[in-house]
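Residue strings, one per chain:
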Amino acid sequence: MNKTSRYDLISLSVIALVSIFSLCRFNYLPQFIDGYYHLSVANAFLKSGGWVGWSWWDFAPLGRPHLYPPLYHFILAGLIKSGISGINAVRLTEVSIVPLFFINVWYVFRRLTGVKFAFFTTFILSGFFPFYSSVSANVPASLALIFGVFTWFFTARRQTRRAVLMLTLCFYTHAAIPWLFFISLVFAAVFDQDYRKIILKIIILSLIFYSPLLDHQIKYLSYLNIKVWAEASYTYVNIFVMLFGLFSLFKNLRNNTLAYRFFLGYVLAGAVIFAKYPYRFFSAQGFIGPALISAWLLEQAVKPLKGLGLHLFVVAVSVYLFLFSSILSINRGDPKVELMASTCYKFINGSMLDVGQYQSSFYPGYYNDVIAVIKKNTSPDDIISSNVMVISQIFSSLCNRPCANSMLMETRPKNISHGYENSKIIVWLKDVAGSKGDFKHTGWEKILENDILYVFLNHNCRVKAVILPAKIRFIRV
């Protein structure tokens, strides 16, 4: 075990600072709309008494297959069951994932590769604001990344059972992230004969434990909706990391260390899995690969340095990553260079909202009255809807009601409609293109109006959602 050094103290101080940044935004969370989807799933699991393979709460009353790995939903359900409100359960996870992610990643790479490598990795990842933002916004993906890097760690230490456990948890947490680590392990096994046997054992056992969920997902493969979403139209490229990463690739083509093969395999996997979504590769979960091979090059650069030269180099790089982290922002083909775009700078000058994924999606001034009127006029199995799917999902989760239309369209139901005829409540956003005047339905009573929306009570609705019992029930404690 490496002794504690000034590099460790500085790394932990930076982690503490970015964690405070996250904590300061507690009341503005959920940060991203995905949080509402996850809350809806957790609420439904509690109603059903455990895991359900059919999403009866979405696109009700027919529903759709539930294919999302369940670990995060179990965590949310546990927090809610303990007495924490649903919205605060989501907030708590989005706040706590920041220190949890960075501390665990720092710890793993400190043990796996060294103190200075962990130091540079911490600065690169926490200093790049789009990546920092994605850690909080995508809790299941961030949890899966933690399990993934521990898979590397235990594989390197030849601790097979622990590595299998970590990769299995990764599979049960997120749909895409596990395959990044799976491919990186395969890549390492191809080139490293010493670890080939243990890696193959880890891969096979993990797939065996993952097979029940995989079988369920394959069963409903026809429901998958593979298309390019709006996320493909923008990205943020860390100029420093991409330049250093490319140089590291050329310099270390013959690097035969296990860790570097893991990192290189992750880069290749990210380029394949996120091919349709440059944002995911350059700015979010895929960014870890380029960040790690860049940190590797930085560690190589400081090895021959001593004394003043070493201090000047480390200070210069740290200050740049901490205060600048310049990016190339590309939005719908329009590139723009931002010289100062680091996490710290964004918080100092209050420009966090420049990154759309960091804007709050919770507006109590508008939401609270709507939540109150929905709960007053519906029972737990009444269905709600909206002319905007995201709004339907938001109020479905906040009111703990099933909805007739939903988001996360990667799993597509057989019949898609707004489902107004099956909805007891319709939340109608004003000034939505193509829907003006469509709310003039017989039997709709306007029970609330504010600056941005109407809420209608549908007196003709006679349909309710059917709450399905759990396939795998929660353990009573």
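Refer to the structure above for everything that follows.
What you are looking at is a predicted structure, and each value in this text was computed from that prediction instead of being measured.

A. Inspection of the overall build of the protein chain at higher detail. A tally of helices and strands in the protein chain yields 18 helices and 11 strands. Relative to the globule expectation of 23 Å for 477 residues, the C-alpha radius of gyration of the protein chain, 24 Å, shows essentially globular dimensions. Along the longest, intermediate and shortest principal axes, the C-alpha atoms of the protein chain span 80 × 50 × 40 Å. When each of the 477 residues of the protein chain is scored for burial, the buried share is 57%.

B. Just unusual backbone geometry, in detail. Note the cis peptide between Leu 29 and Pro 30, where omega equals 5 degrees. Inspection of the secondary structure assignment puts Pro 30 in the loop between helix H1 (6-23) and helix H2 (34-48). Despite not being glycine, Ser 325 has its phi angle at roughly 45 degrees, a positive value. You can see Ser 325 is positioned in the loop between helix H15 (307-324) and strand E5 (327-331). Even without a glycine there, the phi angle at Leu 408 is positive, about 55 degrees. Tracing the chain through its elements places Leu 408 in the loop between helix H18 (389-399) and strand E8 (425-429).

C. The arrangement of a nonpolar patch on the surface in detail. Taken together, the side chains of Val 315, Val 319, Leu 323, Phe 324, Val 337, Leu 339, Met 340 and Ile 348 define a hydrophobic patch exposed on the protein surface, amounting to about 690 Å² of accessible area. In terms of residue count, the dominant contributor to the nonpolar patch is H15 (four residues). Within the element layout of this structure, Met 340 appears in the loop between strand E6 (334-338) and helix H16 (343-348).

D. Spatial organisation of the packing of aromatic side chains. Counted according to the given criterion, the structure contains 57 aromatic pairs. Between Trp 54 and Tyr 223, the aromatic rings sit 6.1 Å apart at their centres with planes inclined by 90 degrees, giving edge-to-face as the arrangement. Placement of Trp 54 in strand E2 (residues 54-55) and of Tyr 223 in the loop between helix H10 (193-219) and strand E4 (234-238) is noted, with a sequence separation of 169 residues between them. Looking at Trp 54, the relative accessible area reads 23%, which means it is partly exposed. With a relative accessible area of 14%, Tyr 223 lands in the buried category. Between Trp 152 and Phe 181, the ring centres sit 5.0 Å apart and the planes meet at 65 degrees, which makes this aromatic pair edge-to-face.

E. Spatial organisation of the side chain of Ser 48. Mapped onto the elements, Ser 48 comes out in helix H2. A polar side-chain atom of Ser 48 sits 2.6 Å from the main-chain carbonyl oxygen of Leu 468. With residues up to four places along the chain from it excluded, the contact list for Ser 48 reads Trp 56, Ile 467, Leu 468, Pro 469, Ala 470 and Arg 473.

F. Here's a closer look at the environment of Ser 55. Relative to the helices and strands, Ser 55 is located in strand E2. The sequence separation of Ser 55 and Thr 122 amounts to 67 residues, and the corresponding C-alpha distance is 39 Å. When near neighbours in sequence (up to four residues on either side) are disregarded, Ser 55 contacts Gly 63, Arg 64, Pro 65 and His 66. In terms of polar contacts, Ser 55 uses its side chain to reach the side chain of Asp 58, at 3.3 Å.

G. Structural context of the packing of helix H7 (residues 139-156) against helix H12 (residues 258-273). With their axes 10 Å apart at the nearest point, H7 and H12 run at an angle of 150 degrees to one another. Considering the relative orientation of H7 and H12, their crossing is right-handed. Only Leu 258, Phe 262, Phe 263 and Tyr 266 of H12 make contact with H7, whose side of the interface consists of Leu 145, Trp 152, Thr 155 and Ala 156. In terms of residue class, the contact of H7 with H12 is built from seven nonpolar, one polar and no charged.

Thresholds, definitions, all that
Residues numbered from 1 in each chain as written. Predicted model: local features only at pLDDT ≥ 70, side-chain atom pairs only at ≥ 80, totals over all residues. Heavy atoms only, no water. Helix = DSSP H or I, 4+ residues; strand = E, 2+ residues; numbered from the N terminus. Rg over C-alpha atoms; globule rule 2.2 N^0.38 Å. Buried < 20%, exposed > 50% of the residue type's maximum accessible area, 1.4 Å probe, protein only. Patch = residues over 30% accessible without salt bridge, like charges linked within 9 Å, V, L, I, M, F, W, Y side chains within 5 Å. Areas by Shrake-Rupley, 256 points an atom, 1.4 Å probe, with all protein chains shown as cover. Salt bridge = Lys/Arg side-chain N within 4 Å of Asp/Glu carboxyl O. Phe/Tyr/Trp six-rings, centres within 6.5 Å; stacked < 30°, edge-to-face > 60°. Polar contact = N/O pair within 3.5 Å; in protein donor to acceptor, adjacent residues only side chain to side chain. Contact = heavy atoms within 4.5 Å. Axes fitted to C-alpha atoms, helices over the stretch in contact; angles between N-to-C directions. Left-handed = near helix turned anticlockwise from the far one by under 90°. Nonpolar A, V, L, I, M, F, W, Y, C, P; charged D, E, K, R; others polar.

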